[in-house]
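Listed below are the residues making up each chain.
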Amino acid sequence: MGSRYKFDEEAKMTNNDLKGELAMYSPFKAEELNKLLPKKIDKQRFGKLLTIVNSSASQQKKLANLKDNIEDLGGVVIKLLVKYLV
């Protein structure tokens, strides 16, 4: 039984806004982000990863934060590493 409500256009607009915002805070262009991280949840996780890495916290605190969140952020980290290191 499908939903009566269709939010396809709204979802596209949200994804476009999110990828544009992430592109402002990273070295990636919006289209690169869209190809690399096509799902909204991956873009959100990438945003969280950027927040940790770009924070003013000490290196130790950043590492601790990454360790605490590795299960959630690991997939995005792997995609980034495969894309740019392999």
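Residues numbered from 1 in each chain as written. Predicted model: local features only at pLDDT ≥ 70, side-chain atom pairs only at ≥ 80, totals over all residues. Heavy atoms only, no water.

S.K.: An account of the side chain of N69 is needed here, citing residue identities and associated values.
M.R.: Within the element layout of this structure, N69 appears in helix 4 (residues 59–85). With residues near it in sequence (within four places) discarded, N69 still touches K48 and I52. (Helix = DSSP H or I, 4+ residues; strand = E, 2+ residues; numbered from the N terminus. Contact = heavy atoms within 4.5 Å.)

S.K.: A description of the environment of K43 should follow, citing residues and the corresponding values.
M.R.: Position of K43 relative to the elements: it lies in helix 3 (residues 40–53). Relative accessible area serves as the criterion here: at 1%, K43 is assigned to the buried category. Each C-alpha atom, one on K43 and one on L33, is 7.9 Å from the other, the two residues being 10 residues apart in sequence. (Buried < 20%, exposed > 50% of the residue type's maximum accessible area, 1.4 Å probe, protein only.)

S.K.: I'd love a proper account of the nonpolar core, names of residues and values included.
M.R.: Judged by nonpolar contacts, F28, L33, L36, L37, F46, L49, L50, I52, L73, V76 and L80 together constitute the single largest core of 11 residues. Those elements that place two or more of their residues in this core are helix 2 (30–36), helix 3 and helix 4. Examining the composition of this core, we find that four residues originate from one element, helix 3, more than from any other. Excluding residues that lie within four positions of it along the chain, I52 makes contacts with K62, N65, L66, N69 and L73. (Core = buried A, V, L, I, M, F, W, Y, C linked by side-chain atoms within 4.5 Å.)

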